[in-house]
Amino acid sequence: MVKIYSKYDEKFMFSLYDKLQKELKHKRFIHSVGVAGTASSLAMKYGESVYKAQIAGLLHDCAKCYDDEELIRLCRKNNIEVTSFEEEHGFLLHAKYGAHMARIRYAIEDESILSAIRWHTTGHENMTLLEKIIYISDYIEPSRNKAPNLDRIRYTAFNEDDIDKSLLMIMKDTIEYLRKDTGSLDTTTEAAYKYYSNE
Ligand code: DGI
Ligand code: FE
Ligand code: FE
């Protein structure tokens, strides 16, 4: 079945919300709806497909219904590579496995949406516009309230012309937080930060 994303398919969209709500805990579902709304708004500003942004935002954490052990097991079962770092930090796999779930459980065929889900946690070098929009929305959506500099990052995302400014602010704060907290950085997270900060 071919899905059309250029036109608003209300029935399909409603079914995504319904299915996801049954799978996720309430707070995670509210977060996902927040990311869908924020991503759609950023898509309007930066000239990306609003519907792709809504779908990717809604589904980006669809694999959060599984714990670390289950994610490792499910990835192996489905021939999805698990690195040794991911073995130690199983939660990172919710991005990779989420892209797989979006394809098989939510019938998403558009590779650009799947890749925005795939890279939403670590980011990577040379990201697409949709990947950046989801990465940023995940951090600034309305129900987020713990990260430092949220007001400044929200303002930058919606008021600067260059989306890389808010992207880099988030990468910088995330890396700082991780260095303080655990000191353990995935090579992809580190490479993404280096790429965007021209380090
Ligand atoms: O799933 P969410 O909580 O909505 O957000 P997320 O998928 O962006 O995950 C955020 C967490 O992931 C945040 O605490 C930072 C962490 N993270 C991102 N890159 C790395 C990482 N954690 C480790 N240990 N290493 C990384 O490279
Ligand atoms: Fe996530
Ligand atoms: Fe999220």
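Right above here is the structure, for reference.
Just so we're clear, the structure is a prediction, and the values are computed from it rather than from any experiment.

Further remarks concern the overall build of the protein. When helices and strands are tallied, the protein shows eleven helices and zero strands. Written out in order from the N terminus, the α and β elements of the protein read α-α-α-α-α-α-α-α-α-α-α. Its C-alpha radius of gyration of 16 Å places the protein within 12% of the 16 Å reference for a compact globule of 199 residues. The C-alpha extent of the protein, read off along each of the three principal axes, is 45 × 40 × 30 Å. Put simply, of all contacts in the protein between residues at least 6 apart along the chain, 62% involve residues at least 24 apart. Of the roughly 10500 Å² of accessible surface on the protein, a fraction of 50% belongs to carbon and sulfur atoms.

Neighbouring ligand 1 are 19 residues; His120, Thr121, Arg144, Asp186 and Thr189 lie closest to it. Between ligand 1 and Asp138 there is a distance of 3.1 Å, counted from an oxygen atom to a side-chain nitrogen or oxygen. Within the backbone of Ser184, a nitrogen or oxygen atom sits 3.1 Å from a nitrogen atom of ligand 1. With the chains in place, 85% of the 580 Å² that ligand 1 exposes on its own is no longer accessible.

Mapped onto the elements, Thr174 comes out in helix 10 (residues 163-181). Engagement of the side chain of Thr174 in a polar contact is seen with the backbone oxygen of Ile170, the distance being 2.8 Å. Apart from residues lying up to four places away in sequence, Thr174 is in contact with Tyr135 and Tyr139.

Conventions adopted
Residues numbered from 1 in each chain as written. Chains lettered and ligands numbered in written order. Predicted model: local features only at pLDDT ≥ 70, side-chain atom pairs only at ≥ 80, totals over all residues. Heavy atoms only, no water. Helix = DSSP H or I, 4+ residues; strand = E, 2+ residues; numbered from the N terminus. Rg over C-alpha atoms; globule rule 2.2 N^0.38 Å. Contact = heavy atoms within 4.5 Å. Areas by Shrake-Rupley, 256 points an atom, 1.4 Å probe, with all protein chains shown as cover. Near = heavy atom within 4 Å. Polar contact = N/O pair within 3.5 Å; in protein donor to acceptor, adjacent residues only side chain to side chain.

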